[in-house]
Every structure is written in C-alpha cells, then in structure tokens.
Amino acid sequence: MNSAAASCPDDIAAAVDRLRAGGLVAFATETVYGLGADAGNAAAVRGIFAAKGRPADHPLIVHIADSADMAHWAAELPSAAIALASAFWPGPLTLILRRAAHVADAVTGGQDTVGLRCPSHPLARQLLAACRAAGILGVAAPSANRFGRVSPTTVAHVRAEFGDDLMILDGGPCAVGIESTIVDVSGGGARVLRPGMIAAGAIAACVSVATPHATDVMPRVPGALASHYAPSTPLVLLGEAELVRRAVTLTRSGKRVAVVATPATLRQLTGLPHLAAMRSAAHEPADYARELYAALRELDASEADAILIETPPAADDWEAIRDRLARAAAGAGRHTDPP
Ligand code: TXA
Ligand code: MG
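Residues numbered from 1 in each chain as written. Chains lettered and ligands numbered in written order. Predicted model: local features only at pLDDT ≥ 70, side-chain atom pairs only at ≥ 80, totals over all residues. Heavy atoms only, no water.

Caption draft 1: Just the sheet that holds strand 6 (residues 139-140), in detail. As summarised here, the arrangement of the nine strands in space is 7-1-2-6-3-5-4-8-9, forming an open sheet in which the pairing is mixed. Here the strands that pair on one side only, and so sit at the sheet edges, are strand 7 (167-169) and strand 9 (191-194). The pairing of strand 2 (residues 34-38) with strand 6 spans two bridges and is classified as antiparallel. Bridge pairing in strand 6 links Ala37 to Ala140. (Pairing = 2+ DSSP bridges. Helix = DSSP H or I, 4+ residues; strand = E, 2+ residues; numbered from the N terminus.)

Caption draft 2: Spatial organisation of the environment of Glu310. Position of Glu310 among the secondary structure elements: in strand 13 (residues 306-310). Judged by its relative accessible area of 12%, Glu310 is buried. For the pair formed by Glu310 and Leu238, sequence separation is 72 residues and the distance between their alpha carbons is 5.1 Å. Excluding its chain neighbours within four sequence positions, the residues that come into contact with Glu310 are Leu238, Glu240, Leu243, Val260, Ala261, Thr262, Thr265 and Tyr288. At 3.1 Å, the side chain of Glu310 and the backbone nitrogen of Thr262 are in polar contact. (Buried < 20%, exposed > 50% of the residue type's maximum accessible area, 1.4 Å probe, protein only. Contact = heavy atoms within 4.5 Å. Polar contact = N/O pair within 3.5 Å; in protein donor to acceptor, adjacent residues only side chain to side chain.)

Caption draft 3: Inspection of the layout of surface pockets at higher detail. Considered as a void within the structure, the largest pocket measures approximately 180 Å³ in volume. For the largest pocket, the full set of lining residues is Ala261, Thr262, Pro263, Ala281, Ala282, His283, Tyr288, Glu310, Thr311, Pro312, Pro313 and Trp318. Per-class residue counts for the lining of the largest pocket are eight nonpolar, three polar and one charged. (1 Å grid on protein atoms, 1.4 Å probe; cavity = no way out; pocket = protein on both sides within 12 Å on 5 of 7 lines; lining within 4 Å. Points joined across faces, edges and corners; volume = space filled by probe spheres on them. Nonpolar A, V, L, I, M, F, W, Y, C, P; charged D, E, K, R; others polar.)

So yeah, pure geometry; function would need other evidence.
Shown next, in the form of structure tokens:
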C-alpha cells in the first residue's frame, strides 16, 4: 500500500477503515494528490491542519462521490451550481456554496460557505464511492503538501512531504497537474476565485460570471496568497531576451542556473557554463500544467543558485499556469537573496 500501486479493492477498503477511524489517507486525484479525512469528523479534519502546518482558518475542499451529495453539504443549490456541476463534474472544478448548518468549522475555516468537488480520477472515484457506502459522504482534502510548498503530483512527492507512515493510494502521476478551478457560486452569480485548467472562458460559456469589484470581500484562500507553491531556490519569470541576458550574466559570475524555456530560447544558451538544468517548455498548456510541479521539484533539487523560467503566453488557456508560476516566484527562495 505504502509504495506500490494501490488501487486494488483491499487497499480501498483499508483506506475507508482508516478514514472511519479518524485517520488520514493521501490519494490521487486528476489534479494533485490530496490529504484526506472524513469531512463529517471535525477531530479528523483538524488532523489535516496539524499534519500540513496549515493555519486553522483556511478552508478545505470536500470531495464527494456524486453531485447528488451536494445537497448534503450545501444550504442551497443555485442554478449556476447545478449548471457548472453538470457541465464539469466529475472533473477539476471546485464550487463554493453556502454551507449546510451541520458542516464543521474545521472544514469551512469558520466561513459560511463550503467548497465541494467531485473528482474524475478513477481511484478517487472508487475511494469516494466506497466511503459513501460506509456512510462517509465527503472527504475533506487539501493538496498533500506542507503549507506553502509545491503541490504533489506523484506518490514520491507525497512521501517527500510526509514520510513513510502516511497511507497513500497510488493512482500514478496526476493527469491535470495543477489544482482545480475554484468558482464561488454562493452569492448568486459566479466568480472565479482560483484559475485552473477549466479556463475562465469555459466557465463563462456556461454561466454568467461576475467581474470582481475592488470593494468585494474575498474569501480566505491560501492558494490566493501572493506567495505559494514555492520551491526553495530563487525563481524568476522573464521574457525571452531578458532571460537570455540574465542567464549569461549569472553564469559568467559563476552562478549555477536552471532554465525552463522554449526550444528557440534554449538554443541561445547552448554552450553556457554552469547550467544546472535545462528544460524545454511544453507547447500546449495541458502538457505544461501536467509537468509543472514535478519540474519545479526537480529544478529545486538541481542545486542551482537560480531558476529562470520563460514567461508563458498571455492567452486565457495559460492563465492558471501563469498564476501558479507567479506565486511560485513570489514565494521562492525566501531564505536566499534573489539572483
Ligand atoms: O485540485 C484541487 O483542488 C486539490 C485536490 C486535492 O482536490 N485540492 C486543493 O486543496 O488544491 P487546497 O486546500 O490546497 O486548496 C483548496 C482551496 C484553498 O485555496 C481554499 O481556501 C479554497 O480551496 N476553499 C475551500 N473552501 C473554501 C470556501 N468555503 N471559500 C473559499 N475558498 C475555499
Ligand atoms: Mg494546496
């Protein structure tokens, strides 16, 4: 269970037992690995915060087996919620709804809303269906990383965060690779709180989306902190010309540099000394997202003094990737001077 692939029925049953006993289980989803607890058990949910080192007022997403269970967790189901759930579930979308009275503060961070997501990964679906049969109607799960760190997209990443004692359901590398799109439908319309691979344009094609006003009170969203998803090596986002200039200057001064850039940009760096790593940026946003967090971890481990990443395209379908890179850059190398 702990290291080998773990999608057999025995492993699912063992995971359900552990969740019923108030324990934690990490599991694959299509976005990133989650660190789950029975969402109906406040003490178990508090265990997630202790394990992650996450501030207690940051709400968690409740993962459900079926959209029929929305009504258990939400006080009301606005038409936008129903439209989005039927368009995008199961899948990488989280809906923020007014919470039902029984939902624990530990889950909602004391807010009057609850985040719900019905994931599409077959392993997550098996787990949630088995939980449901055992009377667990939702699994509260943040990404299975310590607070502020890069989200895990493989079992090895989860192990690197939490060690060998944690039970992990291994569903292989995550196909989407970055966290779900979060849409707030608690206030009537729809507002995108966190961009994801279901792009804002796809949400807007389905329901009417409100543009946030400067005076809006935004809910607390840890993924919305300016610095998040952060490697420990300083990371800078640069356009092509500036990236090449910076790589030349840094390597000339003896610094080791890791670079993610388009093949055309990388060609201009051929022959530079002190390159700790070079990665070719994927051409398609879906491929870029799938590889992103593994790449950040790998570059972080390359012992570079700086990670230079070429700014991705400005188009809508790259928004979530630009968002994660900007937050990674803002949080990276907090204990080191930027290059
Ligand atoms: O793809 C995902 O969403 C992954 C997988 C495991 O499902 N989960 C994930 O969880 O990214 P986490 O905790 O790392 O991020 C959840 C986000 C946070 O930014 C949290 O603040 C927001 O969801 N959230 C949860 N409930 C909320 C609520 N009631 N109001 C506003 N934001 C909420
Ligand atoms: Mg997270």
